[in-house]
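Residues per chain, in single letters:
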Amino acid sequence: MKDKARFKDKVVIITGASSGIGRATALAFARERAITILASRSLENLQKVADEIRAFKTDVLVIPTDVSLQNSVHNMVEKVMARYGRVDILFNNAGSAFVGPINHEKFVEDTKKMIEVDFFGTVYCTKEVLPIMKKQGSGYIINMSSVVGRKAFPHFGGYSASMHAISGFTDALRQELYGSGINVSIIHPALTQTPLLEHVKPEEMPLPFKRFTPISAESVAEAVLKGINKKQYRVIVPFQPKMLLLADAISPRLGDLIVRLMPNRVFASLIGIYSGKVYDNKSY
Ligand SMILES: NC(=O)c1ccc[n+]([C@@H]2O[C@H](COP(=O)([O-])OP(=O)(O)OC[C@H]3O[C@@H](n4cnc5c(N)ncnc54)[C@H](OP(=O)(O)O)[C@@H]3O)[C@@H](O)[C@H]2O)c1
């Protein structure tokens, strides 16, 4: 029987917990009786998630936080320490995404915003909890990236750069912490049905996304918990993108060819990324 309390009483910080993958992961941890700390900017949305979590009769703390501001992150971790005196797991998940070709007039501005939130948010939170985890001699940091954090898609140059930055940072962090009792993972999900891209018009979506059946936020949450449990260095979810990443590692020419073929319905069905449904940005 599956142990449903693998994370009982663990103090877990989840950034970007007010929506999508962060919300689903917070609920998954709470189901396993973890103490969840919900951090993002919107107090109202965080409180809605906290209300859902209270049904599991576990402790939950809401801390409005802007991860792109080092001070805000510092205050958040200080509050966690004041109440619980420890941090067992940090899930660096908060993020934003903008789409557009590299020659788009807003490319530089949008990319800077993504680097500030997605990458520096991860850096600030990590730097804040590291001394605590070192003192404890234990801890777990899991960072959110994306499949495009290993292989970019056209019109996703800025987002992909930001996700690649997280990949590089995590790779170094894991090696620096080897033997310290602090474990580090990274997760690379494929397109997931969340509000992340709701502001993007269907015709502006990166081409391969036109034939992707998105995965659920719950399946990503499950992969996060499983990845921690198994101490996986790199979690790729679902299985299919591994083939793209392997092909791209052998030959970027082959990787590019696969990306170009992805909008083709027959090809997308054959490689198992399309089952009739596509990302729906009108469902929020
Ligand atoms: N959806 C996908 O296809 C997909 C695929 C791979 C990876 N990802 C990554 O997964 C993560 C979660 O995205 P999602 O898909 O669940 O999107 P989402 O539903 O839009 O959630 C994004 C979360 O980040 C928070 N956030 C944004 N800016 C923030 C800031 N400055 N400070 C603190 N929190 C902030 C938002 O909350 P507030 O507005 O309350 O701050 C929200 O809770 C992102 O890092 C994204 O890059 C998503």
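Everything below is about the structure printed above this text.
Residues numbered from 1 in each chain as written. Predicted model: local features only at pLDDT ≥ 70, side-chain atom pairs only at ≥ 80, totals over all residues.

When helices and strands are counted, the protein shows nine helices and seven strands. Once the C-alpha set of the protein is aligned to its principal axes, its extents read approximately 55 × 45 × 40 Å. The 284 residues of the protein split such that 44% are buried. Within the protein, residue pairs in contact and separated by at least 24 positions form 70% of the contacts whose partners lie at least 6 positions apart. (Helix = DSSP H or I, 4+ residues; strand = E, 2+ residues; numbered from the N terminus. Buried ≥ 20, exposed ≤ 12 C-beta atoms within 10 Å, placed from the backbone. Contact = placed C-beta atoms within 7 Å.)

Checked against the element boundaries, Leu-38 lands in strand β2 (residues 35-40). It is 6.1 Å that separates the C-alpha atoms of Leu-38 and Ile-63, two residues lying 25 residues apart in sequence. Aside from chain neighbours lying at most four places away, what touches Leu-38 is Ile-14, Ala-17, Ser-18, Ala-26, Leu-46, Val-49, Ala-50, Val-60 and Val-62.

Further remarks concern the site of the ligand. In the region of the ligand, 31 residues are neighbours, and Gly-16, Gly-20, Arg-41, Ser-42 and Gly-95 sit closest. Looking at the shell around the ligand, the elements with two or more residues in it are α1 (20-31) and α4 (107-136). For the shell around the ligand, the residue count by class is ten nonpolar, 18 polar and three charged. (Near = placed C-beta within 6 Å. Nonpolar A, V, L, I, M, F, W, Y, C, P; charged D, E, K, R; others polar.)

All right, on to the nonpolar core then. Val-12, Ile-13, Ile-14, Ala-26, Ile-37, Leu-38 and Val-224 are the most contacted members of the largest nonpolar core, which totals 81 residues. Setting aside anything within four residues of it in sequence, one finds Ile-14 in contact with Gly-22, Thr-25, Ala-26, Thr-36, Ile-37, Leu-38, Ala-39, Phe-91 and Asn-93. (Core = buried A, V, L, I, M, F, W, Y, C linked by C-beta atoms within 7 Å.)

One way to put it is that α1 packs onto helix α6 (residues 217-229) with a least axis distance of 8 Å and a crossing angle of 55 degrees. What the angle tells us is that α1 and α6 run oblique. Crossing geometry of α1 relative to α6 is assigned as right-handed. In this structure, α1 uses Gly-20, Ile-21, Ala-24, Thr-25 and Ala-28 to contact α6, whose residues at the interface are Ala-217, Glu-218, Val-220, Ala-221, Glu-222, Val-224 and Leu-225. Partitioning the contact of α1 with α6 into residue classes produces eight nonpolar, two polar and two charged. (Axes fitted to C-alpha atoms, helices over the stretch in contact; angles between N-to-C directions. Parallel < 35°, antiparallel > 145°, perpendicular 65-115°, else oblique. Left-handed = near helix turned anticlockwise from the far one by under 90°.)

So, on to the sheet that holds strand β4 (residues 89-92). Taken in spatial order, the seven strands make up an open sheet running β3-β2-β1-β4-β5-β6-β7, and their pairing is parallel. Two strands close off the open sheet at either side, each with one partner strand: β3 (60-64) and β7 (234-237). Direction aside, the axes of adjacent strands within the sheet are offset by 15 degrees on average. In this sheet, β3 lies alongside β2 in parallel orientation, the contact comprising five bridges. Paired with Thr-36 across the two strands is Val-60, which belongs to β3. Relative to the sheet, α6 contacts β4, β5 (139-144), β6 (182-189) and β7, its axis offset from that of β6 by approximately 155 degrees. (Pairing = 2+ DSSP bridges.)

For the rest of this paragraph, the subject is the packing of helix α7 (residues 241-250) against helix α8 (residues 252-261). In contact at an axis separation of 5 Å, α7 and α8 are set at 145 degrees when each is read in the N-to-C sense. Touching Leu-244, Ala-247, Asp-248 and Ile-250 of α7 are Pro-252, Leu-254, Gly-255 and Ile-258, all from α8. Partitioning the contact of α7 with α8 into residue classes produces six nonpolar, one polar and one charged.

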